[in-house]
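# Secondary and tertiary structure notes
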Amino acid sequence: MPESWIDLRSDTVTKPTPEMRQAMFDAEVGDDVYGEDPTVNRLEARAAEVFGKEAGLFVPTGTMGNTIAIKCLTQHGQEVICDARGHLLNYELSMTAWFAGCLIRPIHTDDGILTWDRIEKEIRPLGPHAADTGCIEIENTHNMAGGTVYPQELIDEICDKAHARGIQVHMDGARVFNAATAAGRCVKEICAGVDTVMFCLSKALGAPAGSMVVGPKALIDRGRLYRKRLGGGMRQAGVLAAAGLISLEKMPLRLGEDHANAQLLAEGLKAIPRITVTPEKPATNIVIFGVSGTGKTGGEISAALKRMGVLINPINASTMRAVTHYDVTRKDCENALEALKSAVIP
Ligand SMILES: *Cc1c(COP(=O)(O)O)cnc(C)c1O
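Just so it is clear, the model here is predicted, and its values are computed rather than measured.

### Quick word on the pairing of strand β2 (residues 55-59)
Where a strand is regular, its side chains alternate between the two sheet faces. Most of β2 is tucked away, with 5 of its 5 residues classed as buried. The two faces of β2 match: Ala55, Leu57 and Val59 on one face and Gly56 and Phe58 on the other face are all buried. With 5 bridges connecting them, β2 and strand β8 (residues 211-215) associate as antiparallel partners. Opposite leucine 57, over in β8, you have valine 213 as the bridge partner.

### A short note on the layout of surface pockets
Size it by volume and the largest pocket reaches roughly 350 Å³. Forming the boundary of the largest pocket are 27 residues, of which Thr12, His87, Asn143, Arg175 and Lys203 lie nearest the centre. Going through the elements one at a time, α3 (62-73) and β7 (196-200) are the ones with two or more residues in the lining of the largest pocket. Top contributing element to the lining of the largest pocket by residue count: α3, with 3 residues. Residue-level mapping places the lining of the largest pocket at the junction of two domains, with at least three residues from each of domain 1 (6-13 + 254-344) and domain 2 (18-251).

### Description of the state of the cysteines
On inspection of all chains with the given rule, the structure shows 0 disulfides. Counting only cysteine sulfurs, cysteine 102 is the nearest neighbor of cysteine 135, a cysteine outside any disulfide, at a range of 7.2 Å.

### With respect to the nonpolar core
Core analysis: the largest hydrophobic core is formed by 49 residues, its most contacted members being Phe51, Ile136, Ile138, Phe177 and Phe199. If we skip the residues at most four places from it in the chain, phenylalanine 199 touches Ala47, Phe51, Gly173, Ala174, Val176, Phe177, Ser211, Met212, Val214 and Leu248. Among the nonpolar cores identified, the runner-up in size contains 28 residues, and Ile6, Val277, Val291 and Leu305 belong to it.

### A closer look at the sheet that holds strand β10 (residues 286-290)
Spatially, the 4 strands line up as an open sheet ordered β9-β10-β13-β12, and their pairing is antiparallel. Edge strands, defined here as strands with exactly one partner in the open sheet, are β9 (276-277) and β12 (313-316). Two elements, β10 and strand β13 (residues 319-323), share 5 bridges in a ladder whose sense is antiparallel. Counted as the bridge partner of glycine 290 is threonine 319 from β13.

### Observations concerning the pairing of strand β5 (residues 133-139)
Here β5 lies mainly inside the structure; 7 of its 7 residues are buried. As defined by bridge partners, strand β3 (residues 79-83) adjoins β5 across 3 bridges and the pair is classed as parallel. Note on β5: the bridge partner recorded for glutamate 79 is threonine 133. Judged from the 5 bridges that link them, β5 and strand β6 (residues 168-172) form a sheet pairing that is parallel. Following the sheet pairing, cysteine 135 is matched in β6 by glutamine 168. Handedness of the crossover joining β5 and β6 through helix α7 (residues 152-164): right-handed.

### With respect to the domain arrangement of the protein chain
According to the domain assignment, the protein chain consists of domain 1 (6-13 + 254-344) and domain 2 (18-251). If you average the C-alpha positions of domain 1 and of domain 2, the two centres end up 28 Å apart. Between domain 1 and domain 2, the buried area comes to about 1,500 Å², and carbon and sulfur atoms account for 60% of it. Joining domain 1 to domain 2, the criterion identifies 1 salt bridge. For the salt bridge of arginine 175 with aspartate 11, the shortest nitrogen-to-oxygen distance reads 2.8 Å. Run the count over domain 1 and domain 2 and you get 5 residue pairs in polar contact (both at pLDDT 80 or more). Put simply, the parts of the chain that give the side of domain 1 that touches domain 2 at least two residues each are α12 (255-270) and β10. Here the element with the most residues in the side of domain 1 that touches domain 2 is α12; it accounts for 3 residues. Among the residues forming the side of domain 1 that touches domain 2, the class breakdown is 7 nonpolar, 7 polar and 3 charged.

### Examining the pattern of salt bridges
In total, this model carries 22 salt bridges according to the counting rule given. A salt bridge links glutamate 19 to lysine 250, with the shortest nitrogen-to-oxygen separation between them at 2.7 Å. With glutamate 19 in helix α1 (residues 18-26) and lysine 250 in the loop between α11 (238-249) and α12, this residue pair connects regions lying 231 residues apart in the sequence. With a closest N to O distance of 2.8 Å, arginine 105 and glutamate 79 form a salt bridge.

### Things to note about unusual backbone geometry
For the bond running from asparagine 140 to threonine 141, omega is 0°, close enough to zero to count as cis. The step from threonine 278 to proline 279 runs through a cis peptide bond, and the omega angle for that step is -10°. Position of proline 279 among the secondary structure elements: in the loop between β9 and β10. Here the phi dihedral of arginine 274 falls at roughly 70°; this positive angle occurs in a residue that is not glycine. When you line up the elements, arginine 274 lands in the loop between α12 and β9.

### Remarks on the sheet that holds strand β4 (residues 103-107)
Either a parallel or an antiparallel arrangement is found when strands of a sheet pair, and the pairing is made through backbone hydrogen bonds. One open sheet accounts for 7 strands, arranged β2-β8-β7-β6-β5-β3-β4; its pairing is mixed. In this open sheet, the two edge strands, each paired with only one partner strand, are β2 and β4. Across the sheet, the mean angle separating the axes of adjacent strands is 20° when strand polarity is ignored. Along the sheet, helix α2 (residues 38-51) contacts β2, β7 and β8; its crossing angle with β2, the most-contacted strand, is approximately 125°.

Parameters at a glance
- Residues numbered from 1 in each chain as written.
- Predicted model: local features only at pLDDT ≥ 70, side-chain atom pairs only at ≥ 80, totals over all residues.
- Heavy atoms only, no water.
- Buried < 20%, exposed > 50% of the residue type's maximum accessible area, 1.4 Å probe, protein only.
- Helix = DSSP H or I, 4+ residues; strand = E, 2+ residues; numbered from the N terminus.
- Pairing = 2+ DSSP bridges.
- 1 Å grid on protein atoms, 1.4 Å probe; cavity = no way out; pocket = protein on both sides within 12 Å on 5 of 7 lines; lining within 4 Å.
- Points joined across faces, edges and corners; volume = space filled by probe spheres on them.
- Domains from an automatic or database assignment.
- Disulfide = S-S within 2.5 Å.
- Core = buried A, V, L, I, M, F, W, Y, C linked by side-chain atoms within 4.5 Å.
- Contact = heavy atoms within 4.5 Å.
- Right-handed = clockwise from strand over helix to strand, strands pointing away.
- Buried area = accessible area lost by both parts, 1.4 Å probe.
- Salt bridge = Lys/Arg side-chain N within 4 Å of Asp/Glu carboxyl O.
- Polar contact = N/O pair within 3.5 Å; in protein donor to acceptor, adjacent residues only side chain to side chain.
- Nonpolar A, V, L, I, M, F, W, Y, C, P; charged D, E, K, R; others polar.
- Axes fitted to C-alpha atoms, helices over the stretch in contact; angles between N-to-C directions.

Pasting the structure below:
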């Protein structure tokens with residue numbers, strides 16, 4: 001991709017900062033499969049501390065992190081309750097089925113946010129017909145619902161009531177630092193009730209690769225074996241963890257900028273005739289907009305934008321998704337809006 005292109009396809013496209021590259025160059029490393037990489041060990045301990053959990057596990061991807069957490073919280077043949085548009089269900093090659101041997105029990109929502117009322121109706125005890133519920137998964141922020149943020153009371157209620165029923169809760173917190181910025185709370189407070197959290201060091205936090213799982217020590221110890229089984233034993237991974245430490249300590253502080261840019265995009269999009277934005281005011285860094293009124297498909301608009309050096313992916317024929325991140329400036333967003341106008345207005 002030429003450097004001058006404005007890439008709003010995802011926050012996964014962020015490149016490591018100069019500080020990260022220097023830290024990677026300088027990183028102290030060892031064999032992490034032997035537990036001997038000091039930088040990975042530091043990252044795992046620090047992530048656990050930041051989230052108020054006993055232990056952390058560095059994994060190459062968020063998909064592997066979710067896969068490991070779900071495996072740790074369930075037994076073969078159980079169900080996992082999650083929102084119908086969840087990443088776990090739709091974008092992870094059915095790893096819940098493939099690795100944990102569990103079926104997902106999806107709940108349809110408008111905004112990606114589950115409530116205890118909805119969850120409770122889907123909880124099953126083991127019987128002659130039904131498989132029992134192994135765990136509940138919540139996605140915060142919710143990607144496909146447009147970066148929506150769980151109200152804290154809902155997380156706390158889901159966790160309290162699930163625990164009272166003997167069921168554990170996993171948070172897919174790929175973007176939980178965006179949720180924390182929007183809610184004005186620290187991740188420790190947001191995640192106090194959940195048993196395990198996966199969060200991405202790449203994406204909005206800018207590391208070149210890597211995600212974390214945090215949770216109880218016994219569970220993370222087991223997770224480490226599943227990571228090896230999945231091919232995630234990475235040896236001198238300290239070069240990646242060094243960037244991850246900077247992601248963890250510094251990058252959350254600037255996420256408000258991305259949220260302001262997403263709001264600028266949303267406002268600009270709403271002003272373009274026949275484009276609709278849902279939710280109208282994005283809470284974080286994801287803007288989902290409908291283009292069916294324009295007479296063009298998402299794919300056609302995406303292709304027209306690309307010819308102008310702007311990258312925005314369609315979700316389907318009628319919907320598109322733009323994601324802000326630290327490699328796009330406010331000016332880039334203004335330019336992207338100009339390009340969008342000329343792409344949709346004949
Ligand atoms: C990106 C993402 C993940 C993990 O993705 P990887 O590409 O495997 O790192 C998980 N959940 C959500 C909500 C995501 O957006």
